Amino acid sequence: MSMKTSNRQVDGVTIVDCSGRITLGEGSVTLRDTVRELLSKGQKRILLNLGEVNYIDSSGIGELVSAFTTVRNQGGELKLLKLTKKVHDLLQITKLYTVFDVKDDEAAAIKSFN
Amino acid sequence: MFRVCGVIRKIFAMTEQRVSYMLDSTLETVDSAEQAASRIAAEAGFDDEEVMRIAMAVREAAVNAVLHGNAYDPGKKVSLAFETTRYDLVITIRDQGRGLDLDKIPDPLAPENLLKTSGRGIFLIRSFMDEVHIHPSLTGTEIKLVKHVHGPAAGGKEASQ
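Anyway, here's the lowdown on the structure attached to this text. Computed from a predicted structure; not experimentally measured.

Re the packing of helix H1 (residues 26-40) of chain A against helix H2 (residues 58-73) of chain A
Residue and element names in this part refer to chain A.
And step 1. Where H1 meets H2, the closest approach of the two axes is 9 Å, and the angle between their N-to-C directions is 10°. Overall, the two elements H1 and H2 adopt an arrangement that is roughly parallel. Within the contact between the two elements, H1 uses Ser28, Leu31, Arg32, Val35 and Leu39 and H2 uses Ser59, Gly60, Glu63, Leu64, Ala67, Thr70 and Val71.
And step 2. Among the residues forming the contact of H1 with H2, the class breakdown is six nonpolar, four polar and two charged.

Observations regarding helix H2 (residues 27-43) of chain B
And step 1. Helix length check: H2(B), at 17 residues, gives a terminal C-alpha distance of 25 Å against a target of 24 Å (1.5 Å per residue), a fit within 8%.
And step 2. For H2(B), the complete set of buried residues consists of Thr29(B), Val30(B), Ala33(B), Glu34(B), Ala36(B), Ala37(B), Ile40(B) and Ala41(B). Take H2(B) and look down its axis: the buried residues cluster within an arc of 165°, on one side only. Along H2(B), the residues that are exposed and aim more than 90 degrees away from the buried face are Glu28(B) and Gln35(B).
And step 3. Buried-residue contacts for H2(B) involve strand S2 (13-22) and strand S3 (45-56) of chain A together with strand S1 (17-24), helix H3 (48-69), strand S2 (77-84) and strand S3 (88-94) of chain B.
And step 4. Directly beyond the C-terminal end of H2(B), a positive phi value near 100° is found at Gly45(B).

A word on the sheet that holds S2(B)
Residue and element names in this part refer to chain B.
And step 1. Taken in spatial order, the five strands line up as S1-S2-S3-S5-S4 in an open sheet, and their pairing is antiparallel. Strand pairing shows two members of the sheet lacking a second neighbour, S1 and strand S4 (131-137), which therefore form its edges. Put simply, the sheet's adjacent strands are angled 10° from each other on average, direction ignored.
And step 2. Of the pairings in the sheet, the one linking S1 to S2 comprises eight bridges and is antiparallel in character. The partner of Met22 across the bridge, within S2, is Ser79.

Quick notes on the side chain of Ser25(B)
Residue and element names in this part refer to chain B.
And step 1. Mapped onto the elements, Ser25 comes out in the loop between S1 and H2.
And step 2. Its relative accessible area of 5% is what places Ser25 among the buried residues.
And step 3. At 3.0 Å, the side chain of Ser25 forms a polar contact with the side chain of Asn70.
And step 4. A polar side-chain atom of Ser25 sits 3.5 Å from the main-chain carbonyl oxygen of Asp73.
And step 5. Contact partners of Ser25, with chain neighbours within four places excluded, come to Val66, Asn70, Tyr72, Asp73, Lys76, Lys77 and Val78.

Side note on the interface of chain B and chain A
And step 1. Counting residues at the interface gives 22 residues for chain B, matched by 24 residues for chain A.
And step 2. Between chain B and chain A, a total of about 1,800 Å² is buried, with carbon and sulfur atoms accounting for 68% of that surface.
And step 3. Three residues, Arg59(B), Leu115(B) and Arg120(B), lead the burial of chain B against chain A; their summed loss comes to 29% of the area buried on that side.
And step 4. Summed over the shared surface of chain B and chain A, the number is three salt bridges.
And step 5. Arg21(A) is the partner of Glu34(B) in a salt bridge, and the nearest nitrogen-oxygen pair spans 2.8 Å.
And step 6. Remark: the boundary between chain B and chain A carries five residue pairs in polar contact (both at pLDDT 80 or more).
And step 7. When residues of the side of chain B that touches chain A are traced back to their parent elements, those giving at least two are H2, H3 and helix H4 (121-128) of chain B.
And step 8. Counting residues per element, the side of chain B that touches chain A draws most heavily on H3(B), which supplies seven residues.
And step 9. Per-class residue counts for the side of chain B that touches chain A are 12 nonpolar, three polar and seven charged.

What counts and how
Residues numbered from 1 in each chain as written. Chains lettered and ligands numbered in written order. Predicted model: local features only at pLDDT ≥ 70, side-chain atom pairs only at ≥ 80, totals over all residues. Heavy atoms only, no water. Axes fitted to C-alpha atoms, helices over the stretch in contact; angles between N-to-C directions. Helix = DSSP H or I, 4+ residues; strand = E, 2+ residues; numbered from the N terminus. Parallel < 35°, antiparallel > 145°, perpendicular 65-115°, else oblique. Contact = heavy atoms within 4.5 Å. Nonpolar A, V, L, I, M, F, W, Y, C, P; charged D, E, K, R; others polar. Expected span 1.5 Å × (residues − 1). Buried < 20%, exposed > 50% of the residue type's maximum accessible area, 1.4 Å probe, protein only. Arc of directions from axis to C-beta. Pairing = 2+ DSSP bridges. Polar contact = N/O pair within 3.5 Å; in protein donor to acceptor, adjacent residues only side chain to side chain. Buried area = accessible area lost by both parts, 1.4 Å probe. Salt bridge = Lys/Arg side-chain N within 4 Å of Asp/Glu carboxyl O.

Don't take any of this as a statement about function, it's just geometry.
Set out below in structure tokens:
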């Protein structure tokens, strides 16, 4: 199953609901294109909901890092919401869990954006 | 007692066999390698968590072979072999590239590398397998991944080059 995304706006924050796999190829490209499109529209407060992402590989991890730094370099913020255990474990062993701002509750995550 | 029973179950499930594939240098190969690893590891009796780790390690090794080794060259192949014994699952992946330069693999956990967008594949492979042996040569790189039937706990590793 490749990755699918859908976007919604809540209080000035763009929530990107992701589902499927973020892996080399289609999944990584989908994430990259989604973030680029949001930035091109000036939407720089992005919450990636990964609650339905059941698999991610090193390419997908790299794409998350790329999205994070790209948004930050443009003066925005990108945060992660609802990690599955697999994704959580991968971010832990790669020491990225503390790099990303990871939230479990959507309402609290939205409030946390400056 | 419970753990011992699990080990016995796995030993009985591990019948000695070898299966090998010769694959094109495509993204489809990466998916095929992952799926084959998942199926064979499950058939060998590993639990779901270990199957996921093994399949991911094989996927990362296949990505290296297709992307970095053979550079998607249609004239170059990736060989993939699974060997199950009563003690180990051994997976060998070989490309036909110029040979991986082990000295150029950065430590992805170093603070200066944390925000790099690549360079985590070998690290993940070593995290998920019990043994990882990498043999680069001028005619390609061979990587051998070993998972013991009842070896070190998940995450244990003894990597050599």
